[in-house]
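Topology and contacts: notes
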Amino acid sequence: MIAGYVQCGKPKEATNLFLEMEKVGLKPNEVTVVAVLAACADLGDLYLGRRIHEYSSRSGFGKDVRVSNTLIDMYVKCGCLEDAQEVFHEMEERTVVSWSAMIQGLAIHGKAEEALRLFSEMIRAGVKPNWVTFLGLLHACSHMGLIDEGRNFFAGMTRDYGIVPRIEHYGCMVDLLSRAGLLQDAHEFIKNMPIKPNGVVWGALLGGCKVHKNIALAEEAIRHLSELDPLNDGYYVVLSNIYAQAERWEDTAQVRKLMRDRGVKKTPGWSSITVDGICHEFVAGDESHPQALEIFQTWGKLLEKMKLRGYVPNTSVVLLDMEEAEKVKFVYRHSEKLALVFGLMTTAAGTPIHIRKNLRVCEDCHEAFKLISAIVNREIVVRDRNRFHCFKDGSCSCRDYW
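Quick caveat: nothing in here was measured; it's all calculated off a predicted structure.

Comments concerning the packing of helix H7 (residues 96-108) against helix H9 (residues 131-144)
It is the contact of H7 with H9, at a shortest axis distance of 8 Å, that shows an interaxial angle of 15°. Put simply, H7 runs roughly parallel to H9. Viewed along their axes, H7 and H9 form a crossing whose handedness is left-handed. From H7, Val96, Ser100, Ile103, Gln104, Ala107 and Ile108 reach across to H9, where they touch Val132, Thr133, Leu135, Gly136, Leu137, His139, Ala140 and His143. Taken together, the residues of the contact of H7 with H9 sort by class into 8 nonpolar, 6 polar and no charged.

Set out below in C-alpha cells:
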C-alpha cells in the first residue's frame, strides 16, 4: 500500500500510512524502507528521511543496493548533496542506477563539472550508461550553459552506446539551447526532430523566450502548446509575463481572458519549510500563520540590514499594472521570503535552512537570499520547480544562470 501510494503520486498518504504502521508495532523491511524513502524524496521530508536512514543502518540494510540508491535520491531531492555523496562513496557495490542518481543530483545542484567528472569515472569503472545517465548529463549541461558538451553527449548516446534518444533527451537539448539564448537553433532543432515534439519540448522553448524576451517565437510555441496541453496554466502564465515585461498590457489581459474562457486556473505559488517534523506552508502575502506578525516584524529588521548592503527591490518581477509602492509591498511578501524568515526564527543559529517552492524562484528573491545568506551566516537551500539553489556567503550555486 505504501509503495502503491508513492507510484500513484500520493507521497503524503504513503508517509501517513508508514507512521500508522509504526504505531501498531510492525517493523519495516527493506521493501518498506525503499518505498518510504521515495515518498520522503517527493515530499522533501528530510526529517523522516534521516530517521529512516538511521533505522536502516541499525537494521543492517546499509548494504542493500536498492536502499542506498533510494537514499541517494532522497538526499538529493531534500537538498543534502553532501549526504547523498557520502552514501554513494560508502557503497560497496554500485549499479548504473547508483551512478546515474548521483550524476543527476550533481546536475540539479549546479555541479555540472563534477557530474561530468563522475561520468568519466563511471566509464573507467566499466559501467555502461543508460538513457537515464544521459538525461542527468544533459541536465548538467543545460543548468550551466555547457552547449558544446551537451551537443557531444547527445550525439554520443547513439554513436557510442547505441541508445536511441527519447523525448526527454530532446526536451533537454531544447532547454539547453533556449536558456543559452540560441532560440533560432532551438526552433530548428524542434522542426528537425524525428519524433513529434510534446508539450515539454515546446515549453522549454517558451521558457527561453521569456528569459531572452522573444515575443514572436513565444507566440509560435504557444500555438503548439494550446493544442498539445491546452489546460496547463504554466504556459499561459509565461506568455502573459512575456507580454507584461514588454508592457503590452492589452495582450496580457487577452491571455488572461483566454484562460478564463478555457476554464484554466493559475496554480497558486507556495513555499514550505519543515521545522521539527512539522511542515509550514506559505503563500504570497500570507497573514494566516499563527506567527505572521512576528514574521513581518523580523523581516522588517532584516530588510534594514539588507538595504545597508545595497539591496533595492526588483519590482520588475511584479508583472501587474499597479503603483510602484504596491509592487514593492508585493515583492516583500513573496512566499519564499516568509518561509525563510520563519526558518530563521525557529531554527538554531548556523544550521542550514531548506525551503521548497512549487514555482520558479523569482529574480528578486534570488538576489535577496544571496544577501541574507551572508548577513545571517547561514546556508539556504531552495528547491524550486526546476532545480536547487544553494545560497552561501552571498552567492548561489547556480551562478545566476537559471
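Following the structure, the description resumes.
A closer look at the domain arrangement of the chain
If you check the domain split of the chain, you get domain 1 (1-93) and domain 2 (270-396). The distance between the C-alpha centroids of domain 1 and domain 2 comes to 29 Å. Contacts between the two partners involve 11 residues from domain 1, matched on the other side by 7 residues from domain 2. Carbon and sulfur atoms supply 53% of the area that domain 1 and domain 2 bury against each other, a total of about 630 Å² over both sides. Of all residues in domain 1, Tyr47, Lys77 and Gly79 bury the most surface against domain 2, accounting for 47% of the area lost on that side. Linking domain 1 to domain 2 there are 0 salt bridges. Our count for the domain 1 to domain 2 interface comes out at 5 residue pairs in polar contact (both at pLDDT 80 or more).

Description of the confidence of the model for the chain
Should the pLDDT be low somewhere, the predicted coordinates at that spot are not to be read in detail. When pLDDT is averaged along the chain, the result is 92, and 98% of the positions lie at 70 or above. Per-element averaging of pLDDT across the chain places helix H18 (residues 324-332) at the bottom with 79 and helix H12 (residues 183-191) at the top with 97.

Topic: the packing of aromatic side chains
Any pair of aromatic rings gets described here by the distance separating the centres and the angle formed by the planes. Taken as a whole and judged by the stated rule, the model has 11 aromatic pairs. With a centroid separation of 5.2 Å and 80° between ring planes, the pair formed by Phe88 and Trp99 is classed as edge-to-face. Residue Phe88 is found in helix H6 (residues 81-90), and its partner Trp99 is found in helix H7; the two are separated by 11 residues along the sequence. Each member of the pair, Phe88 as well as Trp99, carries the same accessibility label: buried. Put simply, the rings of Phe119, Phe134, Phe153 and Tyr161 pair up and form one aromatic cluster. If you follow Arg94 out to its NZ or CZ, it ends over the ring of Phe88, 4.2 Å from the centre. Over the ring of Phe296 we find Arg333; its NZ or CZ atom is 3.8 Å from the centre of that ring.

Concerning the pattern of salt bridges
Under the criterion given, the structure shown has 19 salt bridges. A salt bridge links Arg333 to Glu287, with the shortest nitrogen-to-oxygen separation between them at 3.1 Å. Highlighted residues: Arg333 in the loop between H18 and helix H19 (335-346) and Glu287 in the loop between strand E2 (278-282) and helix H17 (292-308), separated in sequence by 46 residues. On the basis of relative accessible area, Glu287 is assigned to the exposed category, the value being 58%. One salt bridge connects Lys337 with Asp364, and the closest N-O pair in it is separated by 2.7 Å. Of the two residues, Lys337 is situated in helix H19 and Asp364 in helix H20 (residues 363-375); the sequence distance between them amounts to 27 residues. Comparing Lys337 with Asp364 shows no difference in burial state: the two are buried. Put simply, Glu219, Arg248 and Asp251 are held in one network by salt bridges that share partners.

What counts and what doesn't
- Residues numbered from 1 in each chain as written.
- Predicted model: local features only at pLDDT ≥ 70, side-chain atom pairs only at ≥ 80, totals over all residues.
- Heavy atoms only, no water.
- Axes fitted to C-alpha atoms, helices over the stretch in contact; angles between N-to-C directions.
- Helix = DSSP H or I, 4+ residues; strand = E, 2+ residues; numbered from the N terminus.
- Parallel < 35°, antiparallel > 145°, perpendicular 65-115°, else oblique.
- Left-handed = near helix turned anticlockwise from the far one by under 90°.
- Contact = heavy atoms within 4.5 Å.
- Nonpolar A, V, L, I, M, F, W, Y, C, P; charged D, E, K, R; others polar.
- Domains from an automatic or database assignment.
- Buried area = accessible area lost by both parts, 1.4 Å probe.
- Salt bridge = Lys/Arg side-chain N within 4 Å of Asp/Glu carboxyl O.
- Polar contact = N/O pair within 3.5 Å; in protein donor to acceptor, adjacent residues only side chain to side chain.
- pLDDT = per-residue confidence, 0-100.
- Phe/Tyr/Trp six-rings, centres within 6.5 Å; stacked < 30°, edge-to-face > 60°.
- Buried < 20%, exposed > 50% of the residue type's maximum accessible area, 1.4 Å probe, protein only.
- Lys NZ or Arg CZ within 6 Å of the ring centre and 35° of its normal.

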